[in-house]
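# Summary of the model geometry
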Amino acid sequence: LRTHTSAHQMELLKSGVDRFLVTGDVYRRDEIDSSHYPVFHQMEGVKMFNEDELFGCDSDDDVIRLVEQDLKKGLEGLAKELFGDVEMRWVDAYFPFTDPSYELEIFFGGEWLEVLGCGVIHREIVESSGRGKQPGWAFGLGLERLAMVLFSIPDIRLF
């Protein structure tokens, strides 16, 4: 039983795809409450950058900064499109496949709710896919949590 959809990243990166979405069932040892359940559907997105998109980056730090800014701008745009003009915040996080890593939270139902995790893809993952040092970012979000916010579903157990 997989705990995330990132297992598909490698095969798609090896195939040369630069941008993709993957969905699937995932299983975790979450404590069950109104926003956590041990089985849910996850969607993962990846964007890889080509040399033209990195124009003006003189160092690895510049590249990381550019990729991180693109990631946050794109996902804030997604959140705004999906949820409207809601309050958002970025929280530093740890994910095994990205660094730096973040969670995007929105203020929903009187509390902060994590809607996705994301980050800059680890260089080792990219290199082992045969793509050299090509930078990229990835995000993952739980589709049930997305539906909870969009359709005012108060408890994930109602799915």
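Residues numbered from 1 in each chain as written. Predicted model: local features only at pLDDT ≥ 70, side-chain atom pairs only at ≥ 80, totals over all residues. Heavy atoms only, no water.

This part is about the sheet that holds strand β2 (residues 39-48). One key point about sheets: their strands pair by backbone hydrogen bonds, in either a parallel or an antiparallel sense. Pairing within the open sheet is antiparallel, and its six strands lie in the order β1-β2-β6-β5-β4-β3. Where the open sheet ends on each side, the last strands, each with one partner, are β1 (19-27) and β3 (88-95). For this sheet the average axis-to-axis angle between neighbouring strands, irrespective of direction, equals 25 degrees. Sheet topology note: the β2/strand β6 (residues 136-142) ladder contains seven bridges and is antiparallel. Bridge assignment links Met48 to a residue of β6, and that residue is Gly136. Its contacts with the sheet place helix α1 (residues 7-14) against β1, β2, β5 (111-121) and β6, and it is angled at close to 155 degrees to β1. (Pairing = 2+ DSSP bridges. Helix = DSSP H or I, 4+ residues; strand = E, 2+ residues; numbered from the N terminus. Axes fitted to C-alpha atoms, helices over the stretch in contact; angles between N-to-C directions. Contact = heavy atoms within 4.5 Å.)

Tallying each qualifying case throughout the model produces three aromatic pairs. Measuring from ring centre to ring centre gives 6.2 Å for Trp90 and Tyr102, while their planes differ by 80 degrees; the resulting arrangement is edge-to-face. Of this pair, Trp90 sits in strand β3 while Tyr102 sits in strand β4 (residues 98-108), and the two are 12 residues apart along the sequence. Relative to Trp112, the ring of Phe107 has its centre 5.3 Å away and its plane inclined at 65 degrees; by these criteria the two rings are edge-to-face. Sitting over the face of the ring of Tyr102, Lys72 holds its NZ or CZ atom 4.0 Å from the ring centroid. (Phe/Tyr/Trp six-rings, centres within 6.5 Å; stacked < 30°, edge-to-face > 60°. Lys NZ or Arg CZ within 6 Å of the ring centre and 35° of its normal.)

Confidence in the prediction for the protein averages 91 pLDDT; 96% of positions are at 70 or higher. Mean pLDDT across the secondary structure elements of the protein bottoms out at α1, with 84, and peaks at β3, with 96. (pLDDT = per-residue confidence, 0-100.)

Moving on to helix α2 (residues 60-83). Look at α2: 34 Å from first C-alpha to last across 24 residues, which is about the 34 Å you get at 1.5 Å a residue. When we look at burial in α2, the residues that qualify are Val63, Val67, Glu68, Leu71, Lys72, Leu75, Ala79 and Phe83. In the core, the buried residues of α2 are packed alongside β3, β4, β5, β6 and α4 (143-150). One or two positions beyond α2, positive phi appears at Gly84, with a value near 85 degrees. (Expected span 1.5 Å × (residues − 1). Buried < 20%, exposed > 50% of the residue type's maximum accessible area, 1.4 Å probe, protein only.)

A few words now on the nonpolar core. Core analysis: the largest hydrophobic core is formed by 22 residues, its most contacted members being Phe83, Leu116, Cys118 and Phe139. Elements with a minimum of two residues in this core: α2, β4, β5, β6 and α4. Sorting elements by how many residues they give to this core places α2 first, with six residues. Among all residues touching Phe139, those that are not within four sequence positions of it are Leu21, Met43, Glu44, Gly45, Leu75, Gly117 and Cys118. (Core = buried A, V, L, I, M, F, W, Y, C linked by side-chain atoms within 4.5 Å.)

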